[in-house]
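Letter by letter, the chains look like this.
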2 protein chains.
Amino acid sequence: IKRKTNSAEEYVEGILSGNRTMLSKAVTLVESSLPEHHELAQSIIEKCLPHSGNSIRVGITGVPGAGKSTSIDSFGMHLLKNGHKLAVLAIDPSSERSKGSILGDKTRMERLSVEQDAFIRPSPSAGSLGGVARKTREIIILCEAAGFDYIFVETVGVGQSEIAVHSMVDFFLLIQLSGTGDELQGIKRGIMEMADGIVINKADGDNIAKAKIAKRQLQNALHLFPLPESGWTPEVLTYSGYYNIGIEEIWDMIDRYIKFVKDNGYFYQKRNEQSKYRMYETINEHLRNSFYNDPEIAALLLKLEDDLLHARKSSYAAAKEALERYSQLQK
Amino acid sequence: IKRKTNSAEEYVEGILSGNRTMLSKAVTLVESSLPEHHELAQSIIEKCLPHSGNSIRVGITGVPGAGKSTSIDSFGMHLLKNGHKLAVLAIDPSSERSKGSILGDKTRMERLSVEQDAFIRPSPSAGSLGGVARKTREIIILCEAAGFDYIFVETVGVGQSEIAVHSMVDFFLLIQLSGTGDELQGIKRGIMEMADGIVINKADGDNIAKAKIAKRQLQNALHLFPLPESGWTPEVLTYSGYYNIGIEEIWDMIDRYIKFVKDNGYFYQKRNEQSKYRMYETINEHLRNSFYNDPEIAALLLKLEDDLLHARKSSYAAAKEALERYSQLQK
C-alpha cells in the first residue's frame, strides 16, 4: 500500500482548521529522527509560527507519586468546562516511550483522554534533553496554531528537565504532597525559586491538617528566596485532585498571575527572553557538540585528563593543546 | 635605565627558595596583559607546577560589611602563630584595581600586612570573571611553589565570583553577620549549598544573644539542603574577628574537615575534578568566544534577535542561520 504524502501546505491548512489527525501526523513528523521528515517538519513549523503564541503555557512538575496525572485530569476538565482547549505535553528525556513515560499511559487521565478538546501527547522519545526540549517546543507551536489555548508541559521532576520546561512556559506549577512531616526535605534543589505557585495535593479527609502544616512550611521556606523578577509573590494552595477540591482556586491564581504579568509587561519580556535563550542554547549546544563529538578530540581529552590527574600539565596548557588540535582538524 | 630581565629559570629558582621579590614579580607577569609577558609567565607556571598543590586552600566570602578584612587578619595571625605561611588572594572581577577592591587597601589587614610569612595580593585587575579566575589559579601555583602552605581566596560576594572561588579551594567559608533579625534574607541564592562552614562575626558584647539566634536559624536552614558530596555536615560557628574570640574553633573545624575529606578520599577527588573542570571551562570559553567575538556574527545575532522579537523566525531557524554563517567564515 502506498501511503499518501501530504505537502507542508496541506498539513498547515489541516492544523489551522483544527484537524486533529493532521496535527497528530505533523507532531509525529517533528518527533521523527528520519532526515527526510526533518525538512518537511521544519517547513510546517515555520508556516505555523505566525499563528502561534496565543496560549497560556503552564509547566507542571512534582515528584513521582504526587498525583500529577490525576491532577492534570482535574485541571483539564475544569478548563474544558470553561470553554478552553487543552494540549498536554511532557518532557521526559530519560524514559523509554513505551513504559515508564508519564503520559505513556493515557488511561491515567481517564476523563481528559476521551475529550475532543483535549490533545494528549507523551514525551518525545528518549534522547538528549536539548533535543527533547526542542521537539516539545516545536509541538507547542503546532498545538497553538491548531487553536489550543492552554498548553500543559509536564515533567517527572528528575534531572535538568525542569529547567527546560521552565524555559518554555508562562507559569511554573509545583505539585507537592503533604504528610511526610518535613515537607522541605523532598523538594529538589533549585525548584523552589522556579515555582510561580506551589499546590499541595491530597488535602482531603484526614490529610487536611497535614496539608495545612505543609502549606505553612512552604510559605516560610519561600521567604528564603528573593522576590522573582516577575514581581509576583509565589502562592501556596492546597487541593485534592482526586476529590476535585480547590481546583478553581488554582486556576484563579494562574489567571491572576497572567493578568499581573501582562499588566507589568513581564509576560511579553519573558517570552522574548525565552526565544532568545533557545536560539543561544541551540548555538552553544552545536558549538560544544562539534568539538566534543569529534572522535580524535575525545581520545585526546582522555589522555589530557590523565595528564591532569598526575599533574603533568596545567589545566590551561591541556585546554590549549586540545583547542590547537581542533583548530588543525577544522582546516 | 635598562631593567634587567630574568629568565624563567631564574624566576623559578627565586620562587622555590622563597624569595618574595621574585614571587611578586612573577605574579605581576601572570597578571600582565602584554603578550610578551604571557609566554614567560606560562613557562614559570609550568615549571612551578610540580612544586604546587601542598597547601590548604580556603575560599572566604561574605557580604560587604561582614568584616572580612578584620577576620582574615585574625585568621592569618592565628595561622602564622602556629608556624604556617599564608598567601591571601582575591577574586573581584567587577572593581577597578585602585579603589573599591577588597584587598586594594592592605592597611585593612593591619597585623598581617607587615608579616614576612604573609603574602597579600589584591585581585587581578578588572576583566572577565573567567580571566580573573584563571590568573588567580595560576598565582596559587606560584605561591604554593614558594612555600605558602595556606592560601586564602577572598571574594566580595557579588556576581558569579563565588562559583569561581569554590572551584579552586578545598574549604569554602561563608562569613555572616547577625543582628538583622531575619538572617536568611541576606544570604545570596546558591551560597548555602557551597559552604563547608558558616561563621557568624561580631559575636561579642551585646551581640552574643543575636549571634546565637542567627546560628540556630542558619543551622535550621542548612537542613533544607541535601548532605554535600563530601559527606561533611557543614557547621555553623560564632566568633569575633575584632576581639579575637572563637578563631581557634574555626581553624579546628577546618582542620577536622581536611582530615575528614583526606580520610574518605574526597579531598583528592575534588582537586582532580577541579583541574578537569578548569580544562573544560577553558575550552568552552574559547569555543564560545571564537563564535560570539566574531564581529560579523555579533551583527547577525542582533538582527536575529529582532527577528525573534517580531516572530519572523523560530529560535532554531535563527540559530541555524548563525551557525551556517560561522561555518562559512571559518573556511
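It should be emphasised that the depicted structure is a prediction, and the values quoted were computed from it without experimental measurement.

The rules behind these values
Residues numbered from 1 in each chain as written. Chains lettered and ligands numbered in written order. Predicted model: local features only at pLDDT ≥ 70, side-chain atom pairs only at ≥ 80, totals over all residues. Heavy atoms only, no water. Helix = DSSP H or I, 4+ residues; strand = E, 2+ residues; numbered from the N terminus. Buried < 20%, exposed > 50% of the residue type's maximum accessible area, 1.4 Å probe, protein only. Contact = heavy atoms within 4.5 Å. Areas by Shrake-Rupley, 256 points an atom, 1.4 Å probe, with all protein chains shown as cover. Salt bridge = Lys/Arg side-chain N within 4 Å of Asp/Glu carboxyl O. Buried area = accessible area lost by both parts, 1.4 Å probe. Polar contact = N/O pair within 3.5 Å; in protein donor to acceptor, adjacent residues only side chain to side chain. Nonpolar A, V, L, I, M, F, W, Y, C, P; charged D, E, K, R; others polar. Pairing = 2+ DSSP bridges. Axes fitted to C-alpha atoms, helices over the stretch in contact; angles between N-to-C directions. Least-squares fit on C-alpha atoms with pLDDT ≥ 70 in both. Parallel < 35°, antiparallel > 145°, perpendicular 65-115°, else oblique. Left-handed = near helix turned anticlockwise from the far one by under 90°. Phe/Tyr/Trp six-rings, centres within 6.5 Å; stacked < 30°, edge-to-face > 60°. Lys NZ or Arg CZ within 6 Å of the ring centre and 35° of its normal. Expected span 1.5 Å × (residues − 1).

K.L.:
Help me out: how do you make sense of the overall build of chain A in this one?
P.N.:
Along its length, chain A carries 11 helices and seven strands. Each of the 331 residues in chain A was classed as buried or not, and the buried ones make up 51%. Across chain A, every contact between residues at least 6 apart in sequence was considered, and the portion connecting residues at least 24 apart equals 74%. Approximately 15,300 Å² of chain A is accessible, and the part contributed by carbon and sulfur atoms is 52%.

K.L.:
In this structure, what is going on with the pattern of salt bridges? I would like to understand it.
P.N.:
Think of it this way: side chains of opposite charge can pair up when their charged atoms draw near. All names here are of chain A. Under the counting rule described, the total for this entry stands at 32 salt bridges over all chains. For aspartate 170, the salt bridge goes to arginine 271, with nearest N and O atoms at 2.7 Å. Of this pair, aspartate 170 sits in the loop between α6 (161–166) and β5 (171–177) while arginine 271 sits in helix α9 (residues 266–292); the two residues are 101 residues apart in sequence, bridging distant segments of the chain. Overall, aspartate 170 belongs to the buried group, its relative accessible area being 3%. Accessibility expressed as a relative area gives 13% for arginine 271, which makes it buried. Through salt bridges with shared partners, a single network forms among Lys303, Asp306, Asp307, Arg312, Lys313 and Glu321.

K.L.:
How do you make sense of the interface of chain B and chain A when you look at a structure like this?
P.N.:
Frequently, the measure chosen for interface size is the accessible area removed from exposure when the parts meet. Opposite the 44 residues of chain B that make contact, chain A presents 45 residues. Note on chain B versus chain A: buried area summed over both sides is about 4,200 Å², and carbon and sulfur give 64% of it. On inspection of chain B and its partner chain A, the count reaches two salt bridges. At the junction of chain B and chain A, the tally comes to eight residue pairs in polar contact (both at pLDDT 80 or more). Listing elements by their share of the side of chain B that touches chain A, those giving two or more residues are α5 (129–145), α9 (266–292), α10 (295–309) and α11 (315–329) of chain B. For the side of chain B that touches chain A, the per-class residue count stands at 23 nonpolar, 10 polar and 11 charged.

K.L.:
What's the story with unusual backbone geometry in this structure? I'm lost.
P.N.:
Glycine aside, the phi torsion of most residues is negative, and most peptide linkages are trans. Residue and element names in this part refer to chain A. Of note, lysine 202 is a non-glycine position whose phi angle comes to about 65°, a positive value. Along the chain, the position of lysine 202 falls in the loop between β6 (197–201) and α7 (208–222). The phi torsion at asparagine 244 lies on the positive side, around 60°, for a residue other than glycine. Among the structural elements, asparagine 244 can be located in the loop between β7 (235–238) and α8 (247–263). Taking relative accessible area as the criterion, asparagine 244 reaches 40% and is therefore assigned partly exposed.

K.L.:
Just checking my understanding: could you explain the sheet that holds strand β3 (residues 118–120) of chain A for this structure?
P.N.:
Consider a sheet: its strands pair through backbone hydrogen bonds, and that pairing is either parallel or antiparallel. Residue and element names in this part refer to chain A. Here seven strands make up an open sheet; going across it, the order is β3-β2-β4-β1-β5-β6-β7 and the pairing parallel. Edge positions in the sheet fall to β3 and β7, since each of these pairs with one other strand and no more. Recorded for the sheet is a direction-independent mean angle of 20° between the axes of neighbouring strands. Alignment of strand β2 (residues 86–91) against β3, held across three bridges, turns out to be parallel. Paired with leucine 86 across the two strands is alanine 118, which belongs to β3. Packing of α8 onto the sheet brings it into contact with β1 (56–61), β4 (150–155), β5, β6 and β7, and relative to β7 it is tilted by some 160°.

K.L.:
Can you help me understand the relation of the copies chain B and chain A in this one?
P.N.:
Here the second copy of the chain follows from the first by a rotation about an axis and a shift along it. Rotating chain B by 179° and translating it 0.0 Å along the rotation axis places it on chain A, where the RMSD comes to 0.1 Å. With respect to symmetry, the two chain copies, as superposed, fit the operation of a two-fold axis. Taken together, the interface assignments show that 100% of the residues at the interface of chain B recur at the interface of chain A, consistent with an identical surface on both copies.

K.L.:
Teacher, can you tell me more about the sheet that holds strand β6 (residues 197–201) of chain B here?
P.N.:
Residue and element names in this part refer to chain B. Strand order in this open sheet of seven strands is β3-β2-β4-β1-β5-β6-β7, and the pairing throughout is parallel. Of all the strands in the sheet, the pair left with one neighbour each is β3 (118–120) and β7 (235–238). Across the sheet, the mean angle separating the axes of adjacent strands is 20° when strand polarity is ignored. Strand contacts of helix α8 (residues 247–263): β1 (56–61), β4 (150–155), β5 (171–177), β6 and β7, with the helix running at about 160° to β7, the strand carrying the most contacts.

K.L.:
Is there a simple way to think about the packing of helix α1 (residues 8–16) of chain B against helix α2 (residues 20–31) of chain B in this case?
P.N.:
Residue and element names in this part refer to chain B. Packing of α1 against α2 leaves a shortest axis separation of 8 Å and a crossing angle of 130°. By the angle between their directions, the pair α1 and α2 is classed as oblique. Once α1 is placed against α2, the crossing between them reads as left-handed. Mapping the contact onto sequence places Glu10, Tyr11, Gly14 and Ile15 in α1 and Met22, Leu23, Lys25, Ala26 and Leu29 in α2. Partitioning the contact of α1 with α2 into residue classes produces six nonpolar, one polar and two charged.

K.L.:
I tried to follow the packing of aromatic side chains on my own but got confused; where do I start?
P.N.:
How two aromatic rings sit relative to each other is set out by the distance from centre to centre and by the angle between their planes. Tallied over the entire structure, the rule returns 26 aromatic pairs over all chains. Considering the side-chain rings of Tyr150(B) and Trp251(B), the 5.7 Å spacing of their centres and the 85° angle between planes classify their relative orientation as edge-to-face. Taken together, the residues Tyr150(B) in strand β4 and Trp251(B) in helix α8 connect sequence positions 101 residues apart. Ring plane angle 80° and centroid distance 4.8 Å describe the contact between Phe291(B) and Tyr292(B), whose orientation is recorded as edge-to-face. Judged by relative accessible area, Tyr292(B) falls into the partly exposed class, the value being 22%. Connected via pairs of aromatic rings, a cluster forms that spans Phe75(A), Tyr150(A), Phe152(A), Tyr239(A) and Trp251(A). In this structure, Lys85(A) is placed above the aromatic ring of Phe148(A), and the distance from its NZ or CZ to the ring centre is 4.7 Å. Directly above the aromatic system of Tyr316(A) lies the positively charged group of Arg134(B), at a separation of 4.7 Å from the ring centroid.

K.L.:
Before we go on, may I ask you to explain the pairing of β6(B) in this structure?
P.N.:
Looking along a regular strand, one sees the side chains alternate between the two faces of the sheet. Residue and element names in this part refer to chain B. In terms of burial, β6 is largely enclosed, as five of its five residues are buried. The side-chain alternation of β6 yields two buried faces, one formed by Gly197, Val199 and Asn201 and the other by Ile198 and Ile200. Here β5 runs beside β6; their pairing, made up of five bridges, is parallel. The partner of leucine 174 across the bridge, within β6, is isoleucine 198. Inspection of the sheet shows β6 paired to β7 by four bridges, in the parallel sense. By the bridge assignment for β7, glycine 197 is matched with glutamate 235.

K.L.:
Any chance you could explain helix α2 (residues 20–31) of chain A here in plain terms?
P.N.:
For the α-helix, the turn length of 3.6 residues means that residues three or four positions removed from each other point alike. Residues and elements named next belong to chain A. The end-to-end C-alpha distance of α2, which contains 12 residues, comes to 16 Å, matching closely the 16 Å that a straight helix rising 1.5 Å per residue would cover. Met22, Leu23, Ala26, Val27, Leu29, Val30 and Glu31 are the residues of α2 that are buried. If you follow the buried residues of α2, they end up packed against α1 (8–16), α3 (35–48), β3 and α5 (129–145). Put simply, asparagine 19 is the residue that caps the front of α2, since its side-chain oxygen is 2.9 Å from the backbone nitrogen of threonine 21.

K.L.:
It is not clear to me how the packing of α10(B) against α11(B) should be interpreted in this structure. Could you clarify?
P.N.:
Each pair of packed helices can be summarised by the angle the axes make with each other and by the distance between the axes. Residues and elements named next belong to chain B. Packing of α10 against α11 leaves a shortest axis separation of 10 Å and a crossing angle of 165°. Classed by the angle they form, the pair α10 and α11 counts as roughly antiparallel. Remark: the crossing between α10 and α11 carries right-handed chirality. Contact residues: Glu296, Ile297, Leu300, Leu301, Lys303, Leu304 and Leu308 in α10; Ser315, Ala318, Glu321, Ala322, Arg325, Tyr326 and Leu329 in α11. Per-class residue counts for the contact of α10 with α11 are nine nonpolar, one polar and four charged.

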